[in-house]
Amino acid sequence: MTKNTDQNTAKNLAHLSVLISGASVAGPALALNLARLGARVTVVEKAAGLRGGGFAVDFRGHVHRTVLTSMGIWDEIHARQTHMGRQTVVDADGSPRVDLPAELMSGDVEIFRGDLAQIMYERTRNDVEYVFGDSIASVAQDPQGVDVTFDKGAPRRFDLVVGADGLHSATRRLVFGDESRYLRFFDHYVAGFDVPNHLGLDRTGRVYSEPGRAFVIGNYDGDPDRAGALLVFRSEELSYDRRDLAAVKRIVMDRFAGMGWEGPALLKALDETDDLYFDAIAQIHVDRLVEGRVALLGDAGYGATMGGMGTGVAIVGAYVLAGELALADGDFRTAFAEYESRIRDFAKGCQKISGNAGPFFAPPTERRIRSRDRMYRVLASRPLARFFKRMTEKAATDIRLREYPALSRA
């Protein structure tokens, strides 16, 4: 971390009004940092409220720790971490093939995405305006500000707008162009939903793969009754309506019909659920992160569905964006340029390690499955486990953070 000794560079942002689209992780993270700097922040979220649960996300290395400590939430994340243990690759009869140590899969600390969002929301709810059940409909910029219309609420004007609304960002579509220009599909889809914990798992997981498809059953929170299922399958790119739950269920059921081991039980749970996550394994690659007074943050600008440490990158990006606005006294041209310059290569480096997430879980052939399992056994050995941990931390720490006095003192 570079040392900045000019304390006069710490600026108050009370003169700045910022609209953030999205209240998952990136949005509340930026809201927390900006609110500490005195900015007037509004977060708009299309869901009716905060989304609980979700996948577990992890943090690795000194950069993540530095940012989370500066935000004042490091200790609370540890207090609410999953304490996830080993995950075991199993045969079709459930017998173990290889164990994967917790540190390979869960980083230094792991927490449910919904719990992380809740922590940041609770710390900002009295200083930040949250508008749930609405979304941005149009954005019009001029030299002095941004006029925004909403699907439901009255039009409003802001100094800046930040799209932190995920892989399928509406803000990006409105300002930067259609999603098809930026989304790279990686030949796999992923689904997630809750299932009964009839295996009696206690903060452990089981991984079962057949050629081109796989599922993971894991218990992350010690709840004796509940577990989570993650399903991955190889596919050509599909055309479907993400809002049509019945149609999405049919896609997953068709792909996992005849799956061995716990496959039938998972399909039964899938048929009964009304809370299903489903998406392509994909990445977002934009040619720029800023357009005038609008910036992209987190998955909206440099997302990866899984395996790219997207939550960590979003947290770091929010810290850098807020810090640069503070150093520039709210001059968005200077701050946005610095943010883009400092975060772009870091985000790309983390994306590189996510491209193999699909084949990692669902190798295309039996031979590839056996080869993967042999690799797992090697990685599970203590010396190589430490080496693999250092390799994953390399991407997570490959950024030189500036010191932002206003954030360190806030």
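Residues numbered from 1 in each chain as written. Predicted model: local features only at pLDDT ≥ 70, side-chain atom pairs only at ≥ 80, totals over all residues. Heavy atoms only, no water.

Per an unreviewed UniProt entry, the protein chain carries the name FAD-dependent monooxygenase and comes from Streptomyces sp. 900105755.

1. Topic: the sheet that holds strand β7 (residues 129-132)
Here is the rule we go by: When DSSP locates at least two bridges between a pair of strands, those strands are taken to pair. Every helix listed is a DSSP run of H or I at least four residues long, and every strand listed is a run of E at least two residues long, numbered separately from the N terminus.
Ordered by their spatial adjacency, 6 strands build an open sheet running β7-β2-β1-β11-β18-β17, and the pairing between neighbours is mixed. At either margin of the open sheet sits one strand with a lone partner, and together these are β7 and β17 (290-291). Of the strand pairs in this sheet, strand β1 (residues 17-21) and strand β11 (residues 160-163) are connected by 4 bridges, and their pairing is parallel. When the bridges of β11 are listed, S21 appears paired with G163.

2. Remarks on the packing of helix α1 (residues 26-36) against helix α10 (residues 310-327)
Filter applied, for reference: Axes here refer to lines fitted to C-alpha atoms; in helices the fit is confined to the stretch in contact. Angles between the N-to-C directions go from 0 to 180 degrees. If an angle is under 35 degrees, it is roughly parallel; if it is over 145, roughly antiparallel; if it lies from 65 to 115, roughly perpendicular; otherwise it is oblique. For a crossing to be left-handed, the near helix must be turned anticlockwise from the far one by less than a right angle; the clockwise case is right-handed. In what follows, a contact means two residues having at least one pair of non-hydrogen atoms within 4.5 Å. Put simply, Ala, Val, Leu, Ile, Met, Phe, Trp, Tyr, Cys and Pro go in the nonpolar bin, Asp, Glu, Lys and Arg in the charged bin, and everything else, Gly too, in the polar bin.
Their axes nearest at 9 Å, the elements α1 and α10 cross at an angle of 30°. Between α1 and α10, the angle falls in the class roughly parallel. Note that α1 runs across α10; the crossing there is right-handed. Listed contacts from α10 to A26, A29, L30, N33 and L34 of α1 are A314, I315, A318, Y319, L321, A322 and L325. Grouping the amino acids of the contact of α1 with α10 by side-chain chemistry returns 11 nonpolar, 1 polar and no charged.

3. A short note on the pairing of strand β9 (residues 145-150)
Sheet faces and side chains relate simply in a regular strand, where the side chains alternate between the two faces. In terms of strand pairing, strand β8 (residues 136-142) meets β9 through 6 bridges, oriented antiparallel. Within β9, the position partnered with Q141 by the bridge is V146. The hairpin formed by β8 and β9 contains 2 residues between the paired strands. Of the strand pairs in this sheet, β9 and strand β10 (residues 156-158) are connected by 3 bridges, and their pairing is antiparallel. Directly across from V148, in β10, lies its bridge partner R156. Where β9 hands over to β10, the hairpin turn is made up of 5 residues, counted between the paired strands.

4. Quick look at helix α2 (residues 61-70)
Keep this limit in mind: Only protein chains enter the area calculation, which uses a 1.4 Å probe; residues under 20% of their type maximum are buried, those over 50% are exposed, and those in between are partly exposed.
Residues of α2 that are buried: G61, V63, H64, V67, L68 and S70. Just past α2, the residue G72 takes up positive phi, approximately 80°.

5. Some points on a positive patch on the surface
Applicable threshold: Each patch is assembled from residues with relative accessible area greater than 30% and no salt bridge, linking like charges that lie within 9 Å and nonpolar side chains (Val, Leu, Ile, Met, Phe, Trp, Tyr) that lie within 5 Å. Residue exposure ignores everything except the shown protein chains as possible cover, and the areas themselves are Shrake-Rupley values with a 1.4 Å probe. For salt bridges, the criterion is a side-chain nitrogen of Lys or Arg within 4 Å of an Asp or Glu carboxyl oxygen. The charged-residue count follows a simple rule in which Lys and Arg add positive charge and Asp and Glu add negative charge, with His and chain termini not counted at all. Every charge is mapped onto a representative atom, which is NZ of Lys, CZ of Arg, CG of Asp or CD of Glu.
On the surface, R234, R367, R368, R370, R374 and R377 cluster together into a patch of positive charge. With 5 residues, helix α13 (residues 366-380) is the largest single contributor of residues to the positive patch. Its place among the elements puts R234 in strand β15 (residues 226-234).

6. Side note on empty space enclosed by the protein
Our working definition: Think of a 1 Å grid over just the protein atoms. A cavity is a set of points where a 1.4 Å probe fits yet cannot get out, a pocket is an open set with protein on both sides within 12 Å along at least five of seven lines, and lining residues have an atom within 4 Å of a point. Grid points are joined across faces, edges and corners, and a volume is the space filled by probe spheres set on the points.
Using the criterion set out here, one finds 2 cavities of 30 Å³ or more in the structure. Volume-wise, the largest cavity comes out at about 80 Å³. Lining of the largest cavity is provided by I284, H285, V286, L289, G301, Y302, R344, A347, K348 and Q351. Going through the elements one at a time, α9 (299-302) and α11 (332-352) are the ones with two or more residues in the lining of the largest cavity.

7. Some details on the side chain of D134
Where we set the bar: Here a polar contact is taken to be a pair of N or O atoms separated by no more than 3.5 Å, where protein atoms must pair a possible hydrogen donor with a possible acceptor and residues adjacent in sequence count only if both atoms sit in side chains.
By the element assignment, D134 lies in the loop between β7 and β8. Despite its burial, D134 remains without a salt bridge, the nearest opposite charge being carried by K152 at 6.2 Å. Here the side chain of D134 touches G153 through a polar contact of 2.7 Å, landing on its backbone nitrogen. Once residues lying within four places of it in the same chain are set aside, the contact partners of D134 are V44, E45, K46, F150, D151, K152 and G153.

8. What to know about the packing of aromatic side chains
As a reminder of what qualifies: Aromatic pairing here means that ring centres of Phe, Tyr or Trp (its six-membered ring) are within 6.5 Å. Orientation follows from the plane angle: under 30 degrees is stacked, over 60 is edge-to-face, and everything else is tilted.
A complete count under the given rule lists 19 aromatic pairs for this structure. On the numbers, 5.9 Å between centres and 10° between planes, the contact of Y130 with F132 is stacked. Exposure remark for Y130: the relative accessible area of 15% places this residue in the buried category. On the numbers, 5.4 Å between centres and 70° between planes, the contact of Y319 with Y404 is edge-to-face. In this pair, Y319 sits in helix α10 while Y404 sits in the loop between α14 (382-396) and α15 (405-409), placing the two residues 85 residues apart along the sequence. The class of Y319 is buried, set by a relative accessible area of 4%. Members of the aromatic cluster, each reached through a chain of ring pairs, are F185, Y189, F233, Y240, F256 and F278.

9. Some points on the packing of α2 against α10
Here α2 crosses α10 at 55°, and the two axes come no closer than 10 Å. One element, α2, and the other, α10, form an angle in the oblique class. Classified by chirality, the crossing of α10 by α2 is left-handed. Contacts between α2 and α10 involve V63, H64, V67, L68 and S70 from the first element and G312, I315, V316 and Y319 from the second. Looking at the contact of α2 with α10, its residues break down into 6 nonpolar, 3 polar and no charged.

10. Examining unusual backbone geometry
Although it is not a glycine, R203 adopts a positive phi angle of roughly 55°. Relative to the helices and strands, R203 is located in the loop between β12 (183-196) and β13 (205-210). The class for R203 is partly exposed, based on a relative accessible area of 27%. In the Ramachandran plot, W261 falls in the positive-phi region, its phi being about 50° despite a non-glycine side chain.

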